[in-house]
Amino acid sequence: MDNLRGAILMVLAMLGFAIEDSFIKLMGDALPVGQILIMLGIGGSVVFAVIVLLQRRALFEPAMLGGPVIVRGIGEIVGTVCFISAIVFTPLSTASAILQATPLVVTLGAALFLGETVGWRRWAAIAVGFIGVMMIIRPGLEGFSPLSLFALCGVFGLATRDVATRRISPDLSTMQLSFLGFLVLVPAGLILLPLTGQRLAPLDARLMVLMVSAISIGVFAYYAIVAAMRVGEVSFVSPFRYTRLIFALVLGITFFGERPDMMTLLGAAVIVASGIYTVLRERKHRAKAVRSPSQA
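Since this is a predicted model, take the numbers as computed values, not measurements.

J.: So what exactly am I meant to see when it comes to the overall build of the protein chain here?
T.: Within the protein chain one finds 13 helices and zero strands. Going from the N terminus to the C terminus, the protein chain shows its helices and strands as α-α-α-α-α-α-α-α-α-α-α-α-α. In summary, the protein chain has a C-alpha radius of gyration of 19 Å against a globular reference of 19 Å for 296 residues, a match within 12%. Oriented by its inertia axes, the alpha-carbon framework of the protein chain measures out at about 60 × 55 × 40 Å. In the protein chain, which comprises 296 residues, the share counted as buried stands at 51%. When contacts within the protein chain are restricted to residue pairs at least 6 apart in sequence, long-range pairs at least 24 apart make up 86% of them.

Shown next as C-alpha cells:
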C-alpha cells in the first residue's frame, strides 16, 4: 500500500512539473529567460524560506559554504537556465524527452566522482540511453536544431546538482537546500539579462497569474516528489518519474500544436527503457550487495 501511495504521489509530482513547464513556455513569448529566472527564484525562495523558519532552522549556516553546496548551486544554475531556455525555444515534448536522460547521467557521475560501483550492464544502459538522446537531437542531420543543445546542457547541470547533493552534510535539511536552490536563480537571472541584451518586461495580469501558478504548482510538485520517495521504496517509485514525458507530450500536442516525429518518439522510448532498466539493476545490485559481490 505504501508503494502504491508513493507511485501516485510521484505521478502527481510529474504532472505538476509538466504543467509548470507549460506555464513557463507560455510566459516565454513575452518575458526574457532572465526575468523568468528572477521571478521563479524570488517566489520559490520565499516559500521555502518560510518553511525553513517554521521548522526552526537557520536560512544560512556555515556548512552552506562547503564545496559540495557550491557545486550544487552551480549545477542548479546551469541546469535551470538551460532547461528553461529549452522549454522556451524548443518544443516542450522534445525538451522533456531529453530531460529523461538525467538519471542516467547521475549514475554516470556517481560512478566517476563518488566511487559507486556500476557494472557493465548499467554502463551499457547508459550508453543506450545516450543513443536515444542522439536520436532526438540528430546532430549533423537535417532535423538537427542547435537550440536542442540547451536541453542537453540542462541534463548535465541538473545531474551535477544531484550528484553533489549526495556529498552534502545531512545536517543541512532538504528545505534549506531547496531555499538555496531557488535563491541562486535570482543573481543568475540578473546576470543573464545584460548578457543577452534584454531588459525587464512589463507584467500584465495574465503573466502574473501564469507566474504565481507556476510557482504554486512547482512547490506542490516538489512536496509530492519528496513525499513519494519517503513513503514508497525508491526502486519502486523512481520509474514513475518517466510519466512526466507522457504528460509533456499530451500538453505539447494539445496546447502548443506540437507533432513529435517518429524518431523523437523512438528516442524517448529508448531513454525511458534505459532509465527503468538502470533503476531495476541498481535495486537488484543493492539486494545482493549484503550477501556477495555483484556485477551491477
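Next comes the rest of the account.
J.: Looking at this structure, how should I read a nonpolar patch on the surface?
T.: Residues Met1, Leu4, Ile8, Leu12, Leu15 and Phe220 make up a contiguous nonpolar surface patch of roughly 590 Å² in combined accessible area. In terms of residue count, the dominant contributor to the nonpolar patch is helix 1 (residues 2-27) (four residues). With respect to the helices and strands, the residue Leu4 is situated in helix 1.

J.: Would you mind going over helix 12 (residues 243-256) with me for this structure?
T.: Two residues of an α-helix separated by three or four positions point the same way, owing to the 3.6 residues in each turn. End to end, helix 12 covers 19 Å across 14 residues, agreeing with the expected 20 Å (1.5 Å per residue, within 8%). Every buried residue of helix 12 is listed here: Thr243, Arg244, Leu245, Ala248, Leu251 and Gly252. Two residues or fewer after helix 12 comes Gly257, characterised by a positive phi angle close to 65°.

J.: When you look at the packing of helix 2 (residues 33-54) against helix 10 (residues 205-231) in this model, what are you seeing that I'm missing?
T.: How two helices sit against one another is set out by the angle between their axes and by the gap between those axes. One can describe the packing of helix 2 onto helix 10 by two numbers: an axis separation of 10 Å at closest approach and a directional angle of 50°. With respect to their mutual orientation, helix 2 and helix 10 come out oblique. Along this stretch, helix 2 crosses helix 10, giving a crossing that reads as right-handed. Every residue of helix 10 that contacts helix 2 at Ile36, Met39, Leu40, Gly43, Gly44, Val47, Phe48 and Ile51 is listed here: Met211, Ala214, Ile215, Val219, Tyr222 and Tyr223.

J.: Hey, could you run me through the nonpolar core in this one?
T.: If you look at soluble globular proteins, the nonpolar side chains tend to sit buried side by side. Core analysis: the largest hydrophobic core is formed by 74 residues, its most contacted members being Ile24, Met27, Ile36, Leu40 and Ile84. Ranked by the residues each element gives to this core, the list is headed by helix 10, at twelve residues.

J.: For this particular structure, what's the right way to read the side chain of Lys25?
T.: Among the secondary structure elements, Lys25 is positioned in helix 1. Despite its burial, Lys25 pairs with no opposite charge; the closest candidate is Glu258, at 4.6 Å N-O. Setting aside residues no more than four positions away along its own chain, Lys25 makes contact with Ile87, Val88, Thr90, Pro91, Leu92, Phe256 and Glu258.

J.: I'm lost on the pattern of salt bridges in this one. Help?
T.: Side-chain pairing between opposite charges can occur once the charged atoms of the two side chains come close. Under the defined criterion, the tally for this structure stands at seven salt bridges. In this structure, Arg57 and Glu61 form a salt bridge, with 3.9 Å as the shortest nitrogen-oxygen distance. The salt bridge partner of Asp162 is Arg161, with a shortest N-O separation of 3.0 Å. Put simply, Arg72, Glu76, Arg161 and Asp162 are held in one network by salt bridges that share partners.

J.: Any chance you could explain the packing of helix 8 (residues 174-183) against helix 10 here in plain terms?
T.: Put simply, helix 8 and helix 10 touch, their axes get as near as 13 Å, and they point 150° apart. Comparing their axes, helix 10 and helix 8 come out roughly antiparallel. When the axes of helix 8 and helix 10 are compared, the crossing they make is right-handed. Residue-level contacts link Thr174, Met175 and Ser178 of helix 8 to Tyr222, Tyr223 and Arg230 of helix 10.

J.: Help me understand the packing of aromatic side chains, please; the structure alone is not making it clear to me.
T.: Two numbers describe a pair of aromatic rings. These are the distance of the centres and the angle of the planes. Enumeration according to the criterion identifies five aromatic pairs in this entry. Through a chain of ring-to-ring contacts, the aromatic side chains of Phe48, Phe182 and Tyr222 assemble into a single cluster. Positioned above the aromatic ring of Phe256, the side-chain terminus of Lys25 is 5.9 Å from the ring centre.

J.: Even after reading the chapter, I still don't get the confidence of the model for the protein chain, so can you show me in this structure?
T.: Atomic detail in the predicted coordinates should be set aside for any region of low pLDDT. Per-residue pLDDT for the protein chain averages 90, and the proportion of residues at 70 or more is 95%. By mean pLDDT, helix 11 (residues 234-237) is the weakest element of the protein chain at 73, and helix 9 (residues 185-195) is the strongest at 96.

J.: Got a minute to help me understand the environment of Ala63 in this structure?
T.: Looking at the element boundaries, Ala63 is found in the loop between helix 2 and helix 3 (67-89). Leaving out residues up to four positions away in the same chain, Ala63 has contacts with Val69 and Leu172.

Thresholds, definitions, all that
Once a new chain begins, its residue numbering starts again from 1 and follows that chain's sequence as written. Where local features are concerned, this predicted model is filtered to residues with pLDDT of at least 70; where side-chain atom pairs are given and counted, the filter is 80 or more; whole-chain, interface and lining totals use all residues. Calculation of side-chain values draws on the structure's entire complement of heavy atoms; hydrogens and water are dropped beforehand. Only DSSP runs of H or I with at least four residues qualify as helices, and only runs of E with at least two residues qualify as strands; both kinds are numbered from the N terminus onward. In this description the radius of gyration comes from C-alpha coordinates, and the expected globular size is given by 2.2 Å times residues to the power 0.38. Any residue under 20% of the maximum accessible area for its type is buried, any over 50% is exposed, and the rest in between are partly exposed; the area is computed with a 1.4 Å probe on protein chains only. Should any heavy atoms of two residues lie within 4.5 Å, those residues are considered in contact. Exposure above 30% relative accessible area and the lack of any salt bridge qualify a residue for a patch; like charges then connect within 9 Å, and the nonpolar side chains Val, Leu, Ile, Met, Phe, Trp and Tyr within 5 Å. We get accessible surface area from the Shrake-Rupley algorithm with a probe of 1.4 Å; when it comes to residues, only the shown protein chains can shield them. The working definition used for a salt bridge is a side-chain nitrogen of Lys or Arg within 4 Å of a carboxyl oxygen of Asp or Glu. One less than the residue count of a helix, multiplied by 1.5 Å, gives the span that helix is expected to have. For helices, the axis comes from a line fit to the C-alpha atoms of the stretch in contact; other axes are also lines fit to C-alpha atoms, and the angle between any two N-to-C directions lies between 0 and 180 degrees. Each angle is binned into one of four classes, with values under 35 degrees roughly parallel, values over 145 roughly antiparallel, values of 65 to 115 roughly perpendicular, and all other values oblique. Helix crossings get a hand from a simple test, with the near helix turned counterclockwise from the far one by less than a right angle marking a left-handed crossing and a clockwise turn marking a right-handed one. The criterion is simple. A nonpolar core is a set of buried Ala, Val, Leu, Ile, Met, Phe, Trp, Tyr and Cys residues joined through side-chain atoms within 4.5 Å. Under the convention used here, Asp and Glu are negative, Lys and Arg are positive, and both His and the chain ends fall outside the count. A pair of aromatic rings is counted whenever rings of Phe, Tyr or Trp (Trp by its six-membered ring) have centres within 6.5 Å, and the orientation is called stacked for planes under 30 degrees apart, edge-to-face for over 60 and tilted otherwise. Throughout this description, the term charge over a ring refers to an Arg CZ or Lys NZ atom that lies within 6 Å of the ring centre and within 35 degrees of the ring normal. For every residue, the predictor reports its confidence as pLDDT, a number between 0 and 100.

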